[in-house]
Amino acid sequence: MSSVTEKVDCDIKDIGLADKGKLRIEWANNSMPVLNLIKERFEKEKPLRGITLGTCLHVTTETANLAITLKAGGANVYLCASNPLSTQDDVAASLVRDHQIPVFAICGEDNETYYKHLNSVLDAKPQITMDDGADLVSVIHSKRTDLLEDIIGGTEETTTGVIRLRAMEQDKVLKFPIVAVNDADTKHFFDNRYGTGQSTLDGIIRATNLLLAGTTVVVVGYGWCGRGVAQKAEGMGANVIVTEVDPLKGLEAVMDGFRVMPMAEAAKIGRIFVTLTGNIHVIRKEHFEVMKDGAVVANSGHFNVELDIDGLESIARSKRQVRKFVDEYTLADGRKINILGEGRLINLAAAEGHPASVMDMSFANQALAAEYMVRESKNL
Ligand code: ADE
């Protein structure tokens, strides 16, 4: 163990990766002017002085710049991953070595380690939680209720997290206020649409090196993320089909120029499928059963439950990894179906997530939301 990892509480892959992470964090920072302005002000005003902030976010170069900004504002920042496959291990190493920020995240960690890391952040007794997917809030409400007393509030980054939290609120079980950062116009109009649009295609291309031009791409869900992926795929010459259960959004997709049909139809036609719904099992056994030989199926929604991979396994006669991030399943009749990144969000599993300039807007909102929570802590 190095002296740094002895001094800073952490569980990361390899502190030796810190040099690489440092350079990459700097590179992202060059495209984050808004967060930099906030950081400069935070350094002077210290609006988060003494506040313990528990953050559960994708551990990327962009998140690193957010964590550095929050620390500049005086917060004690603790960070764990919001997905087992999205951690950039070099970034985790640099945050620990160069910024003394406790990080608990290792790319590829199993489920048990994932929750152990979440609990390591909660052990710091955060007064503010910052979630991407509502896992910290969920664990606090189920297993760590002792922490509720000291919590001022939390922030939530993503659509899926906001859906979970709204359900808790409706059931009257949500015990502290949350700022739904996702709902800011300067978040979902840009990050969800242009960020997911570009980074999802980036993930699919890095994983497969397939040509999009002339390829039939089925986009499942026409929320802000689906809209972005459909638009960017069309821009690269794909024939885009949209499936959508909300009639209004379906109509919008038609008027945006896309073919819209149920998954039962689209499954027979598509070559590349990508889910972005926040819902469960939107591609199921009956859909895999009718897909073309060579179909490629990816998820870019927050959780890996959008694809019923167990259903696919039940009809497959074999499975093998044919490239990094590509599992090929062979069905009884010999057709092959490829699942990317184990169904985990492909833009962060196989690529690097959204580019920094769009995360700049999202994370500026996060930093300002944390400041607001502290300032208004008595009035929320
Ligand atoms: N979500 C999507 N892209 C991201 C990124 N680059 N960093 C953190 N969270 C993200």
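Provided above is the structure to which this section pertains.
Residues numbered from 1 in each chain as written. Predicted model: local features only at pLDDT ≥ 70, side-chain atom pairs only at ≥ 80, totals over all residues. Heavy atoms only, no water.

Colleague: Now, about the site of the ligand: what can you tell me, with residues and values included?
Modeller: Around the ligand, the structure places H58, T60, E62, T63, L348, E352, G353, H354, M359 and F363. Side-chain polar atom of T60 to a nitrogen atom of the ligand: 2.7 Å apart, as the coordinates give it. Between a nitrogen atom of the ligand and a side-chain N or O atom of E62, the distance comes to 2.9 Å. Calculation on the ligand without its partners gives an accessible area of 260 Å², and the protein chains cover 95% of this total. The set of elements that each furnish at least two residues to the shell around the ligand consists of α4 (61-72) and α16 (356-375). Residue composition of the shell around the ligand, grouped by class: 3 nonpolar, 5 polar and 2 charged. (Near = heavy atom within 4 Å. Polar contact = N/O pair within 3.5 Å; in protein donor to acceptor, adjacent residues only side chain to side chain. Areas by Shrake-Rupley, 256 points an atom, 1.4 Å probe, with all protein chains shown as cover. Helix = DSSP H or I, 4+ residues; strand = E, 2+ residues; numbered from the N terminus. Nonpolar A, V, L, I, M, F, W, Y, C, P; charged D, E, K, R; others polar.)

Colleague: Now, about helix α7 (residues 135-142): what can you tell me, with residues and values included?
Modeller: Of all 8 residues in α7, 6 are buried; the element is thus mostly enclosed. In the core, the buried residues of α7 are packed alongside β1 (52-57), α6 (111-123), β4 (128-131), α8 (159-170) and β6 (178-180). (Buried < 20%, exposed > 50% of the residue type's maximum accessible area, 1.4 Å probe, protein only. Contact = heavy atoms within 4.5 Å.)

Colleague: Residues and numbers for a nonpolar patch on the surface, please.
Modeller: Taken together, the side chains of L251, V254, M255 and V260 present a nonpolar region at the surface, about 380 Å² in accessible area. With 3 residues, the single largest contributor to the nonpolar patch is helix α11 (residues 247-255). Its relative accessible area of 45% is what places L251 among the partly exposed residues. (Patch = residues over 30% accessible without salt bridge, like charges linked within 9 Å, V, L, I, M, F, W, Y side chains within 5 Å. Salt bridge = Lys/Arg side-chain N within 4 Å of Asp/Glu carboxyl O.)

Colleague: Would you mind going over the nonpolar core in detail, with residue names and values included?
Modeller: Formed by 43 residues in total, the largest nonpolar core has its most connected members in L48, L53, L66, L70, L95 and V103. Put simply, the parts of the chain that give this core at least two residues each are α2 (18-29), α3 (33-45), β1, α4, β2 (76-81), α5 (89-99), β4 and α16. Tallying contributions element by element places α16 first for this core, with 8 residues. Counting 25 residues, the second-largest nonpolar core is a separate cluster that includes V229, A253, V296 and I346. (Core = buried A, V, L, I, M, F, W, Y, C linked by side-chain atoms within 4.5 Å.)

Colleague: Tell me about the side chain of T208, residues and numbers included.
Modeller: Looking at where T208 falls in the secondary structure, it is placed in helix α9 (residues 185-208). The class for T208 is buried, based on a relative accessible area of 12%. Of the polar contacts made by the side chain of T208, one reaches the backbone oxygen of I204; its length is 2.7 Å. A distance of 3.1 Å separates a polar side-chain atom of T208 from the backbone nitrogen of L210. Look past the residues within four positions of T208 in its chain and what remains in contact with it is V296, R323, V326 and L340.

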